[in-house]
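Okay, here's what each chain looks like letter by letter:
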Amino acid sequence: MPSPEAHRTRALRDAGLAEGLAREAPEWAAVLLAHATHHLLLGWTFARAGEDPFPESYEAAYRRMKQAGVPRRARKIHRELTRLAWKARYLCPSEEEAKALHQQAQALWEELLGVLPPP
């Protein structure tokens, strides 16, 4: 199973990929930021809990994150980004809507980095 550092590395890699995609495919940049958030919080949870929190569902992941003490706002950001990613993937947003989704996702990612303390 991946280590906390592997999850963090994946999160930062995905965030970097999102930055590169933002101009050409902003809807996919939003999806990548949601994925980055998931890995960042999984790594944080793993570091706190001392075990790999590989979840069988998003709900199981949320429970484990809460049990490990992931701040409430960080968990809420994760849920918000998951919803944005769903919209980006399945609602076929226009170019303007895709840009707005990415801007929202980017703002949430930056907020997450500010509210998540070291594990």
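1. Remarks on the overall build of the protein
Inference 1: The helix and strand tally for the protein stands at 5 helices and 0 strands.
Inference 2: Helices (α) and strands (β) of the protein occur, in sequence order from the N terminus, as α-α-α-α-α.
Inference 3: The C-alpha atoms of the protein give a radius of gyration of 14 Å, which matches the 14 Å a tight globule of 119 residues would have.
Inference 4: Within the protein, contacts between residues at least 6 apart in sequence are counted, and of these 65% link residues at least 24 apart.

2. Focus on the environment of Ala11
Inference 1: Inspection of the secondary structure assignment puts Ala11 in helix H1 (residues 4-21).
Inference 2: As for Ala11 and Leu42, which are separated by 31 residues in sequence, their C-alpha atoms are 9.6 Å apart.
Inference 3: When near neighbours in sequence (up to four residues on either side) are disregarded, Ala11 contacts Ala36, His39, Leu40 and Trp109.

3. Concerning unusual backbone geometry
Inference 1: For Cys92, which is not glycine, the phi dihedral falls at a positive 45°.
Inference 2: Within the secondary structure layout, Cys92 lies in the loop between helix H4 (72-90) and helix H5 (95-115).
Inference 3: Judged by relative accessible area, Cys92 falls into the exposed class, the value being 66%.

4. Observations regarding the packing of H1 against helix H2 (residues 26-49)
Inference 1: Here H1 crosses H2 at 165°, and the two axes come no closer than 8 Å. It follows from the interaxial angle that H1 and H2 lie roughly antiparallel. In the packing of H1 onto H2, the handedness of the crossing is left-handed.

5. Remarks on a positive patch on the surface
Inference 1: A cluster of basic side chains, namely Lys66, Arg72, Lys76, Arg83 and Lys87, defines a positive patch on the protein surface.
Inference 2: In terms of residues, the positive patch owes the most to one element, H4, which gives 4 residues.
Inference 3: Tracing the chain through its elements places Arg83 in helix H4.

6. Section: H1
Inference 1: Look at H1: 26 Å from first C-alpha to last across 18 residues, which is about the 26 Å you get at 1.5 Å a residue.
Inference 2: The inward-facing, buried residues of H1 contact H2 and H5.

7. Points about a nonpolar patch on the surface
Inference 1: The grouping of Trp86, Tyr90 and Leu91 at the surface amounts to a nonpolar patch, some 350 Å² of accessible area in total.
Inference 2: In this structure, Tyr90 sits in helix H4.
Inference 3: Judged by relative accessible area, Tyr90 falls into the partly exposed class, the value being 49%.

8. What to know about H5
Inference 1: Across its 21 residues, H5 extends 30 Å between first and last C-alpha, which sits within 8% of the 30 Å expected from 1.5 Å per residue.
Inference 2: The elements touched by buried residues of H5 are H1, H2 and H4.

About the criteria used
- Residues numbered from 1 in each chain as written.
- Predicted model: local features only at pLDDT ≥ 70, side-chain atom pairs only at ≥ 80, totals over all residues.
- Heavy atoms only, no water.
- Helix = DSSP H or I, 4+ residues; strand = E, 2+ residues; numbered from the N terminus.
- Rg over C-alpha atoms; globule rule 2.2 N^0.38 Å.
- Contact = heavy atoms within 4.5 Å.
- Buried < 20%, exposed > 50% of the residue type's maximum accessible area, 1.4 Å probe, protein only.
- Axes fitted to C-alpha atoms, helices over the stretch in contact; angles between N-to-C directions.
- Parallel < 35°, antiparallel > 145°, perpendicular 65-115°, else oblique.
- Left-handed = near helix turned anticlockwise from the far one by under 90°.
- Patch = residues over 30% accessible without salt bridge, like charges linked within 9 Å, V, L, I, M, F, W, Y side chains within 5 Å.
- Areas by Shrake-Rupley, 256 points an atom, 1.4 Å probe, with all protein chains shown as cover.
- Salt bridge = Lys/Arg side-chain N within 4 Å of Asp/Glu carboxyl O.
- Lys, Arg positive; Asp, Glu negative; His and termini not counted.
- Charge placed at Lys NZ, Arg CZ, Asp CG, Glu CD.
- Expected span 1.5 Å × (residues − 1).

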